[in-house]
Amino acid sequence: MSKFGVSQPVRRVEDARFVTGRGRYVDDIDVPGQLYGYVLRSPLAHARIRALDTSAARAVPGVVDIITGDEIEAAGGNHLNTLVPLENRDGKPAPLPRRPILCTDKVRHVGDHVAFVVAESRTAARDAAERIEVDYEALEPVADPRTADAEGAAQVHTDVPRNVLFDWGFGDQTAVDAAIASAAHVTRLELVNNRVVANPMEPRAGLAEYDAATGKVTLTTSTQGGWMLKDELARNVLKVEPDQVRIVTPDVGGGFGMKAMNYPEQAMLAWAARKLGRPVKWTADRGESFLSDVQGRDHHTVAELAFDADNRIVGLRVATTANMGAYLSLFAPFIPTGAALKVLPGVYDVKCLYYHVKGVATTTVPIDAYRGAGRPEAIYLIERLMDNAARELGVDRVELRRINQIPESAMPFATAAGETYDSGDFPRVLAAGVERADWAGFAARREASRKAGKLRGIGLSYYIESTMGEPSETATIRFEGGGRVAIYVGTQSNGQGHETVYRQFVHDSLGIPFEAIDVVQGDTDRIKAGGGTGGSRSVTAEGTAVLAASDEVIRRGRILAAGELEAAPEDIEFAAGQFRIAGTDRSIEILELAERARGRDDLPEELAEGLDGDATITLDAWTFPNGCHVAEVEVDPGTGVAEVVRYTVTDDFGKVVNPLLLAGQIHGGVAQGLGQAFLEHAVYDEGGQLLSGSFMDYCMPRADDMPDIDFDTIEIPCPKNPIGMKGAGEAGTVAAPAAVMNALVDALAERGVRHIDMPATPCRVWESLARV
């Protein structure tokens with residue numbers, strides 16, 4: 001097996017340029033004659049705009065233009081669409097309030113977009129923005145989602161009664177109510193899934209250019225895939241055909257779902273560049289990012305899990321209030337509803353469930369997908385319920401999970417949530433996980449901590465994730481000449497290592513030297529279509545497309561090789577980069593064949609592109625990665641400081657493509673999960689002001705907050721894709737919060753604490769101990 005092939009721990013080829021400062025991000029790009037944009041943002045959470053005077057600002061030296069909402073509104077393009085409309089429980093469509101690019105009548109959160117200043121320098125644009133006079137009529141803010149729909153609460157949107165954006169439900173409510181009413185035991189929990197900020201290292205940025213000769217706008221911007229943005233800007237904002245808009249995405253310094261969205265600033269840039277005929281650049285500073293990047297989570301949930309006399313689950317009832325912020329972002333309605341529902345039962349044979357979600361508007365930054373996007377919220381809920389139930393029932397936490405897990409013999413298994421789990425051996429992975437974590441030896445470690453004056457707890461989270469996103473994907477393998485081959489892909493790396501993995505696939509399938517392969521991404525002109533990156537879809541979908549494109553290369557190569565070798569195509573074999581006449585030593589190497597085909601003008605039309613292969617695939621189903629995470633937490637009762645001292649992961653990702661990159665994905669995901677559990681919290685005051693709007697107030701996980709992670713896999717191949725893999729990009733974030741919070745509650749239970757919400761900061765932990 002080649003050291004660069006599939007399943008090998010190949011180091012990331014892209015890292016060489018990143019660590020030597022040769023990465024090329026949007027803010028690294030400058031073009032001649034470019035202007036600079038600056039967004040004037042609202043200082044108030046909720047206010048009516050009575051007047052907007054830009055005259056003094058326009059007089060500032062260097063100012064070229066000031067664009068307002070009225071200007072874009074007059075052209076009919078002043079709004080961004082929501083992709084996922086919902087139907088309410090009463091069968092009526094949920095309201096879809098407009099999200100303006102630039103506000104004209106009201107502002108609805110601190111940081112909302114009021115005007116776009118374009119100038120010869122960033123300094124001039126900022127100075128001019130400070131001279132714009134806005135007459136605001138302050139309105140009552142709506143900052144708390146729990147009271148947003150209360151009688152008399154201020155209306156964020158006039159067309160959204162009582163601020164209820166959707167009232168959605170799934171399941172047989174009558175059957176679930178009956179199951180709970182007749183159950184032998186019902187455990188009930190009220191949970192908060194705290195609001196978090198994505199905070200990638202690279203902030204959002206864009207550079208728009210306009211070609212007057214062709215009428216084309218090119219926007220270079222940090223995204224997770226540019227095709228939806230291209231269509232939105234063309235059809236909805238600029239009112240042109242999609243081929244008149246090009247989206248280019250260079251290197252991206254992290255996205256985590258946040259950069260998958262369409263943003264007002266991208267529309268402002270495109271509008272300004274076309275209007276002024278000059279390039280316009282904008283880069284957010286960190287303060288702007290806190291006030292304008294979509295945020296994540298923010299759920300308040302009441303959940304009940306019912307058991308029969310044998311401790312088997314008979315029903316699950318969940319009611320969630322989901323904060324959507326001031327506007328419905330691109331995927332926002334789907335995240336707490338359909339996305340969370342996919343794995344709401346976890347890996348357990350839940351006989352029936354009812355899931356009710358009320359999405360409310362508040363005067364805060366919009367909420368949308370954040371790493372895991374609904375699935376971390378669902379797994380946190382079911383795994384906290386399982387631990388709570390075990391304590392109430394007086395049974396072992398591992399055993400309660402084991403007897404309720406779906407057995408491998410039941411696969412494929414149709415869940416009460418309407419999903420079909422295609423593969424998995426949950427009891428086997430659970431047993432391996434607790435053994436690897438030395439669950440049986442925990443009592444001795446707890447006693448050692450007790451002697452040191454510390455409380456110690458152990459907790460587990462058995463997660464399952466449903467990968468998701470656009471099921472179709474494209475790939476092109478092009479022989480560029482000079483012995484080099486390019487793979488054109490429809491996904492967009494945000495730091496995951498795509499350039500390495502896709503090279504592995506082509507090297508493995510076509511025998512082309514690993515170092516001779518290039519990966520081309522992030523250009524909607526050069527790549528005809530793409531599903532982008534999100535929902536842990538990239539390697540499953542794009543890998544399948546790359547393999548299909550490789551098959552097309554081999555099919556074309558057999559025909560071309562037959563001509564070169566004077567044989568019939570059906571007599572041509574392909575292996576290890578060589579086309580060979582079966583049973584002979586006559587062969588031709590793939591790169592030589594490509595060069596010969598390139599120089600021929602007598603090929604039939606079907607082979608006019610030589611060996612170049614295109615493929616478009618559509619996956620029949622998504623994958624269900626799963627696994628067992630076990631955490632041990634030590635608490636200093638005098639200070640409330642909690643530390644994760646052991647962390648063990650046993651995961652089933654099906655066929656592992658690159659174990660080195662996979663471990664990196666799990667480490668990063670666990671770090672973000674631990675960050676949410678112990679440190680991160682986006683906090684608004686009653687006036688709608690973001691109190692945690694900088695890194696002075698918003699605590700991010702650091703290296704010394706992280707434990708060593710003991711990581712292992714058990715390969716149970718997925719039958720739904722030719723690779724046999726299961727997506728892994730979000731798994732760590734899905735599992736970690738429940739694992740560490742279950743461990744923390746186990747530690748505090750010695751002192752009588754039964755529940756604590758995220759983030760479990762030292763203050764919260766200390767207060768919980770002081771109250772008992």
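Residues numbered from 1 in each chain as written. Predicted model: local features only at pLDDT ≥ 70, side-chain atom pairs only at ≥ 80, totals over all residues. Heavy atoms only, no water.

**Student:** Sorry, what's going on with the packing of aromatic side chains here?
**Tutor:** Working definition: an aromatic ring pair is given by the centre-to-centre distance plus the angle between the planes. What the rule picks out here adds up to nine aromatic pairs. Where Trp 168 meets Tyr 355, the ring centres are 5.7 Å apart and the plane angle is 85 degrees; that geometry is what we call edge-to-face. One end of the pair, Trp 168, is in strand β7 (residues 164-171); the other, Tyr 355, is in strand β15 (residues 353-361), and 187 residues separate them in sequence. We classify Trp 168 as buried; its relative accessible area is 11%. On the basis of relative accessible area, Tyr 355 is assigned to the buried category, the value being 3%. A connected cluster of aromatic rings, assembled from ring pairs, spans Tyr 421, Phe 426, Tyr 462 and Phe 624. (Phe/Tyr/Trp six-rings, centres within 6.5 Å; stacked < 30°, edge-to-face > 60°. Helix = DSSP H or I, 4+ residues; strand = E, 2+ residues; numbered from the N terminus. Buried < 20%, exposed > 50% of the residue type's maximum accessible area, 1.4 Å probe, protein only.)

**Student:** It is not clear to me how the nonpolar core should be interpreted in this structure. Could you clarify?
**Tutor:** In summary, soluble globular proteins display a tendency toward joint burial of nonpolar side chains. Formed by 107 residues in total, the largest nonpolar core has its most connected members in Tyr 647, Phe 678, Met 741 and Leu 744. Residue contributions to this core peak at 13 residues, all from helix α18 (residues 731-748). Sequence-distant contacts of Leu 744, defined by excluding residues within four places in its chain, comprise Val 633, Val 635, Ala 642, Phe 678, Ile 756, Ala 760 and Val 765. Judged by nonpolar contacts, the second largest core, of 48 residues, contains Val 506, Leu 560, Phe 574 and Leu 619. (Core = buried A, V, L, I, M, F, W, Y, C linked by side-chain atoms within 4.5 Å. Contact = heavy atoms within 4.5 Å.)

**Student:** Looking at this structure, how should I read the pairing of strand β26 (residues 626-635)?
**Tutor:** For a regular strand, side chains alternate in direction, first toward one face of the sheet and then toward the other. With ten of ten residues buried, β26 is to be regarded as a mostly interior element. Relative to β26, strand β18 (residues 455-464) is paired through ten bridges, and the arrangement is antiparallel. Among the inter-strand pairings, Gly 459 is bridged to a residue of β26, identified as Ala 631. Judged from the ten bridges that link them, β26 and strand β27 (residues 642-652) form a sheet pairing that is antiparallel. Paired with Val 630 across the bridge in β27 is Thr 648. Here β26 folds back onto β27, and the loop between the two strands holds six residues, one of which, Gly 640, carries a positive phi near 80 degrees. (Pairing = 2+ DSSP bridges.)

**Student:** Where do I start with the sheet that holds strand β20 (residues 484-489) in this structure?
**Tutor:** By definition, the strands of a sheet pair up through backbone hydrogen bonds, in either a parallel or an antiparallel sense. The strand order across the open sheet formed by four strands is β21-β20-β19-β25, and the pairing between neighbours is mixed. The open sheet terminates on both sides in strands that have one partner only, identified here as β21 (517-520) and β25 (613-618). Here the average twist between neighbouring strands, direction ignored, is 20 degrees. Looking at chain direction, strand β19 (residues 472-481) and β20 are connected through six bridges and run antiparallel. Paired with Phe 479 across the strands is Val 485, a residue of β20. (Axes fitted to C-alpha atoms, helices over the stretch in contact; angles between N-to-C directions.)

**Student:** Could you clarify how one ought to interpret helix α10 (residues 375-393) in this entry?
**Tutor:** Helical geometry note: an α-helix holds 3.6 residues per turn, so side chains three or four residues apart project in the same direction. End to end, α10 covers 27 Å across 19 residues, agreeing with the expected 27 Å (1.5 Å per residue, within 8%). In terms of burial, α10 is largely enclosed, as 16 of its 19 residues are buried. (Expected span 1.5 Å × (residues − 1).)

**Student:** What is the right way to look at the sheet that holds β15 in this model?
**Tutor:** Here five strands make up an open sheet; going across it, the order is β7-β15-β14-β13-β8 and the pairing mixed. Single-partner strands in this sheet number two, and they are β7 and β8 (185-193). The average angle at which neighbouring strand axes cross in this sheet is 10 degrees, direction not considered. Where strand β14 (residues 313-325) and β15 come together, nine bridges link them in parallel fashion. The partner of Ala 319 across the bridge, within β15, is His 356.

**Student:** Mind showing me how you'd approach the side chain of Asp 523 here?
**Tutor:** Residue position: Asp 523 is located in the loop between β21 and α15 (538-565). Overall, the relative accessible area of 5% leaves Asp 523 in the buried class. Residue contacts for Asp 523: discarding those within four places in its chain leaves Trp 227, Arg 246, Ile 247 and Val 248.

**Student:** Explain unusual backbone geometry to me, please; I cannot follow it from the model alone.
**Tutor:** Cis geometry marks the peptide bond from Met 411 to Pro 412; its omega dihedral reads -5 degrees. Counting through the fold element by element, Pro 412 comes out in the loop between α11 (397-404) and β16 (413-414). A cis amide bond links Met 758 to the next residue, Pro 759, at an omega of -5 degrees. The phi angle at Asn 163 is positive, at roughly 65 degrees, despite the residue not being glycine.

**Student:** For this particular structure, what's the right way to read the pairing of β25?
**Tutor:** Side chains Gly 613, Ala 615 and Ile 617 project from β25 onto a buried face, and the interleaved Asp 614, Thr 616 and Thr 618 project onto a face without burial. As defined by bridge partners, β19 adjoins β25 across six bridges and the pair is classed as antiparallel. Following the sheet pairing, Glu 473 is matched in β25 by Ile 617.

**Student:** What is the right way to look at the pattern of salt bridges in this model?
**Tutor:** Working definition: two side chains of opposite charge can pair if their charged atoms are close together. Scanning the model with the defined rule gives 64 salt bridges in all. The closest approach of N and O atoms between Asp 30 and Lys 281, which form a salt bridge, is 2.9 Å. Placement of the pair is Asp 30 in the loop between α1 (15-19) and β1 (35-41) and Lys 281 in strand β12 (residues 280-283), with a sequence separation of 251 residues. Between Asp 298 and Arg 195 there is a salt bridge, with its nearest N and O atoms 3.2 Å apart. Of this pair, Asp 298 sits in the loop between α8 (286-292) and β13 (299-307) while Arg 195 sits in the loop between β8 and β9 (205-211), and the two are 103 residues apart along the sequence. The class of Asp 298 is buried, set by a relative accessible area of 8%. Through salt bridges with shared partners, a single network forms among Glu 383, Asp 387, Arg 391, Arg 397, Arg 401, Arg 446, Glu 447, Arg 450, Asp 746 and Glu 750. (Salt bridge = Lys/Arg side-chain N within 4 Å of Asp/Glu carboxyl O.)

Remember, this is a structural readout, not a statement about activity or role.
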